[in-house]
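# Inside the fold
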Amino acid sequence: MVQEYKLFIGGELRDSSTGEVFDDINPATLENLAAVQVAGIEDVDRAVEAAEAGFRAWSAVPAPRRAEVLLKAARILQERKEELAVLMTKEMGKVLLETRGDVQEAIDITYYAAGEGRRMLGETTTSELKEKFCMTVLRPIGVVGMITPWNFPIAIPSWKIMPALIAGNAIVFKPSSDTPLLAIKLVEILIEAGLPPGVVNVLPGPGGVVGKAIVQNPRIRAISFTGSLETGKWIMEECAKTMKRVSLELGGKNPVIIMDDADLELALEGVLWGAFGTTGQRCTATSRLILHEKIKDEFIKRLLAKTKSLRIGDGLLPETDIGPVINKAQLEKIERYVRIGKEEGATLLLGGSTVDPGLPGYFFEPTIFTDVRPEMRIAQEEIFGPVLSIITVSSLEEAIEVANNTKYGLSSAIYTRNVGNAFKAIEKIEAGITYVNAPTIGAEVHLPFGGVKGTGNGFREAGTDAIKEFSEVKAVYIDYSGKLQKAQIDSE
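Residues numbered from 1 in each chain as written. Predicted model: local features only at pLDDT ≥ 70, side-chain atom pairs only at ≥ 80, totals over all residues. Heavy atoms only, no water.

### Quick word on the sheet that holds strand β19 (residues 435-436)
One open sheet holds the 7 strands; their spatial order is β15-β16-β17-β14-β13-β18-β19, and the pairing between them is mixed. At either margin of the open sheet sits one strand with a lone partner, and together these are β15 (347-350) and β19. Inspection of the sheet shows strand β14 (residues 286-292) paired to strand β17 (residues 387-393) by 5 bridges, in the parallel sense. Pairing of I290 across the sheet is with I391, part of β17. (Pairing = 2+ DSSP bridges. Helix = DSSP H or I, 4+ residues; strand = E, 2+ residues; numbered from the N terminus.)

### Details of the side chain of T286
For T286, the position within the fold is in strand β14. The class for T286 is buried, based on a relative accessible area of 1%. Within polar-contact distance, the side chain of T286 engages the side chain of T440 at 2.7 Å. Discounting chain neighbours no more than four positions away, the residues touching T286 are N254, V256, G274, A275, L388 and T440. (Buried < 20%, exposed > 50% of the residue type's maximum accessible area, 1.4 Å probe, protein only. Polar contact = N/O pair within 3.5 Å; in protein donor to acceptor, adjacent residues only side chain to side chain. Contact = heavy atoms within 4.5 Å.)

### Overview of the pattern of salt bridges
According to the stated counting rule, one finds 21 salt bridges in the structure shown. The residue R100 makes a salt bridge to E82 at a minimum N-O spacing of 2.8 Å. Within this pair, whereas R100 is found in helix α4 (residues 96-115), its partner E82 is found in helix α3 (residues 81-92), the two being separated by 18 residues in sequence. R245 serves as the salt-bridge partner of E472, at 3.1 Å between the closest nitrogen and oxygen. Of the two residues, E472 is situated in strand β20 (residues 471-479) and R245 in strand β12 (residues 245-249); the sequence distance between them amounts to 227 residues. A residue is classified by how much of its surface remains accessible, and E472, at 34% relative accessible area, is partly exposed. (Salt bridge = Lys/Arg side-chain N within 4 Å of Asp/Glu carboxyl O.)

### What to know about the sheet that holds strand β5 (residues 32-37)
As summarised here, the arrangement of the 3 strands in space is β1-β5-β4, forming an open sheet in which the pairing is mixed. Looking at the sheet topology across the chains shown, the edges are occupied by β1 (4-5) and β4 (21-25). Both β4 and β5 contribute to a ladder of 5 bridges, which runs antiparallel. Within the sheet, the bridge partner assigned to D24 lies in β5 and is A34. The sheet contacts of helix α6 (residues 180-192) involve β1, β4 and β5, and relative to β5 the element is tilted by about 65°. (Axes fitted to C-alpha atoms, helices over the stretch in contact; angles between N-to-C directions.)

As structure tokens, this is what we get:
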């Protein structure tokens, strides 16, 4: 019999108000890993009440003392890295090499956020008046709602939770229903590290009920969401009604440009990792390959040979390169886009089908299209699977134009030995991230993460920008003149 997991509210495990449970399924074996209670609207209200109490206690703790809790949590995460990675491979499907990296990201951002506990920096400036001091300080927002996806089930929550905590906020957190166990384990570690009751509350359940209730709850003062563009637009509209802060990370259609002077073997390794790592289920995945016509044939020849050698199967096995996609609906979505690509006139060079590696789960072949035009749907819409579209260009200017020809703007990359090409790409590509001679994946926690255009709304996760995402800036004026002084008013 599988274990049943309750909701986590106010520092305690509590039964859901709905009385319902859902199964947490291994996408490779279809084994039922756990039964998880389904939260309802009443549970959101309970969690917000607990979070408000938690906020009052936590925000009163000096930031360096808050950092001590995060440091302890980082050490516990490090000690349990392999245990968490194995659980993630079972729950989400990607190979152990990658799930270890996912946990390492959580470790890194937790250490980083803890370090910011002694760097909650404001600004000081001079006043236009005598004997007057001016500065800014950072203050926590309050109760923050967080909604996260399944593809990085401990890294993405940590990218949100840890900066919010060091800034002094409390959290109501809805993880993906495909990967609730990693979220529960993460919060258990924070509690073990000394986080006070109510500061983080976990509510598994459907986005249409739990996520909606979190977004619309008037006592939640900010929302941080990673997911689809359509859902992000709805969240932004809802938050506008109450002037609630909202930060969005909404996916990408990320290009890699390979110029005719590139190191082709280096580029090949980057494209394989960027396109087919995590089975293509990354917002930063390489989904568009923009090849200079002079090296197109040679690069495609090498790409096909390498891609054919990738091994599909259970992510727990060391020989596996590519695991399953997350669920049946995602598998069907990928199949649908392959049909669309064929109907649009693209040439299917490799893959395009489900595959049976001896397991009953949701496996799809690495898939490569060529003869892709920039306006095709497979070159415009986020597929979130192991599907790569190849577009041919004759110049750097054309490559950048193609790269920018999408509603998204998250990650990008260029392979070139020409420093001028590199800097032109950095300047002209419309993206929040540009890599030079590296794939579109591999963000580090001390730099800001996020995008432009349809990818986001101006906020950035990670780096010092993450602290700003979860803080309010207060301007402070201290007049020690002992008399009324009037700024901007002419005086004799």
